[in-house]
Amino acid sequence: METARQAERQRSAAERRRRELLEAADRVVLRDGPGASMNAIAAEAGITKPILYRHFGDKGGLYRALAKRHTDALLSALRAALDAPADRRARVEATLDTYLAAIEARPQVYRFLMHPADDAAPPSEQGFDVGRHSAPLLRRLGEELATVIAERVDLGADSQVMARIWGHGIVGMMHAAGDWWLGERPCSRAQLVSSLADLLWGRLAAAGDRPGGPGF
């Protein structure tokens, strides 16, 4: 029994330490964006780089942990927008606005997750090579949105396939339009939300709610 309690205490301590290290990494990412390095994160956490590697394996492991942390928070916010007591058009706009507001509020975090670091820096100081990791992150968002659509919208005989097409298509649109908008700011966020909702609205307005589902 004592051994089990000791193991639980050790597990809790390890989880707490991992959370503290991720919070230190977040602070560096907010400051440095895609240029965040293991050296800088270790210094922020007050540890050596080998200890950081011990917790996350390598830069890719730390990137994946940070990506999951921020994607989980974004998905929670998107689900809240989708569940809001409003009509379908308002919920579509709220969902688009939630995504755009998130990348606008923390642009350095967004750039860290979605943009490769500067390869011109010395190898020891280069940031995270995120180019090969961002696609799985977007796929996860697409699958999550596809699940919501499949549960709520009746798209006919091919509803499951259509839901996945829509889920990944909407995420791709949000990502591409949001990336362009964040860099250039050619219009207000509200105007972008309204324009993207107009683009989506045709078939979505005509589709019925799935019987017995939570509605959309």
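The following refers to the structure shown. Quick caveat: nothing in here was measured; it's all calculated off a predicted structure.

### Let's talk about the nonpolar core
Part 1 of the argument: Residues Leu52, Leu62, Leu96, Tyr99, Leu113 and Ile149 are the most contacted members of the largest nonpolar core, which totals 57 residues.
Part 2 of the argument: Residue contacts for Leu96: discarding those within four places in its chain leaves Met173, Met174, Val193, Leu196, Ala197 and Leu200.

### As for the packing of aromatic side chains
For any pair of aromatic rings, the description consists of the separation of the ring centres together with the inter-plane angle of the planes.
Part 1 of the argument: For the structure on display, the rule yields one aromatic pair.
Part 2 of the argument: Ring geometry for Tyr63 versus Phe112: centroids 5.5 Å apart, planes at 45 degrees, classification tilted. Here the residue Tyr63 occupies a position in helix α4 (residues 59-82), and Phe112 occupies one in helix α6 (residues 107-114), the gap between them amounting to 49 residues.
Part 3 of the argument: A relative accessible area of 1% places Phe112 in the buried class.
Part 4 of the argument: Sitting above the plane of the Trp181 ring, Arg185 keeps its charged end 4.7 Å from the centroid.

### Some thoughts on unusual backbone geometry
Part 1 of the argument: The phi dihedral of Arg185 is positive, around 50 degrees, even though this residue is not glycine.
Part 2 of the argument: Among the secondary structure elements, Arg185 is positioned in the loop between α8 (159-184) and α9 (189-206).

### Overview of the side chain of Ser159
Part 1 of the argument: In this structure, Ser159 sits in helix α8.
Part 2 of the argument: Residue Ser159 is classed as buried on the basis of its relative accessible area of 5%.
Part 3 of the argument: Polar contacts involving the side chain of Ser159 include one to the main-chain amide nitrogen of Leu155, which spans 3.4 Å.
Part 4 of the argument: Those residues within four positions of Ser159 in sequence are excluded, and the remaining contacts are Val153, Asp154 and Arg210.

### A closer look at the pattern of salt bridges
Part 1 of the argument: Taken as a whole and assessed by the stated rule, the structure comprises 15 salt bridges.
Part 2 of the argument: Of the charged contacts, one joins Arg189 and Glu104 as a salt bridge, the two residues approaching to 2.6 Å between their closest N and O atoms. One end of the pair, Arg189, is in helix α9; the other, Glu104, is in helix α5 (residues 88-105), with 85 residues separating them in the sequence.
Part 3 of the argument: Among the salt bridges present, the one from Glu143 reaches Arg164, with a minimum N-O distance of 2.4 Å. A residue pair is termed long-range when its members are at least 10 positions apart, and Glu143 in helix α7 (residues 131-152) and Arg164 in helix α8 qualify at 21 residues.
Part 4 of the argument: It is possible to trace a salt-bridge network through shared partners that takes in Arg27, Arg31, Asp32 and Glu44.

Procedures and definitions
- Residues numbered from 1 in each chain as written.
- Predicted model: local features only at pLDDT ≥ 70, side-chain atom pairs only at ≥ 80, totals over all residues.
- Heavy atoms only, no water.
- Core = buried A, V, L, I, M, F, W, Y, C linked by side-chain atoms within 4.5 Å.
- Buried < 20%, exposed > 50% of the residue type's maximum accessible area, 1.4 Å probe, protein only.
- Contact = heavy atoms within 4.5 Å.
- Phe/Tyr/Trp six-rings, centres within 6.5 Å; stacked < 30°, edge-to-face > 60°.
- Helix = DSSP H or I, 4+ residues; strand = E, 2+ residues; numbered from the N terminus.
- Lys NZ or Arg CZ within 6 Å of the ring centre and 35° of its normal.
- Polar contact = N/O pair within 3.5 Å; in protein donor to acceptor, adjacent residues only side chain to side chain.
- Salt bridge = Lys/Arg side-chain N within 4 Å of Asp/Glu carboxyl O.

Remember, this is a structural readout, not a statement about activity or role.
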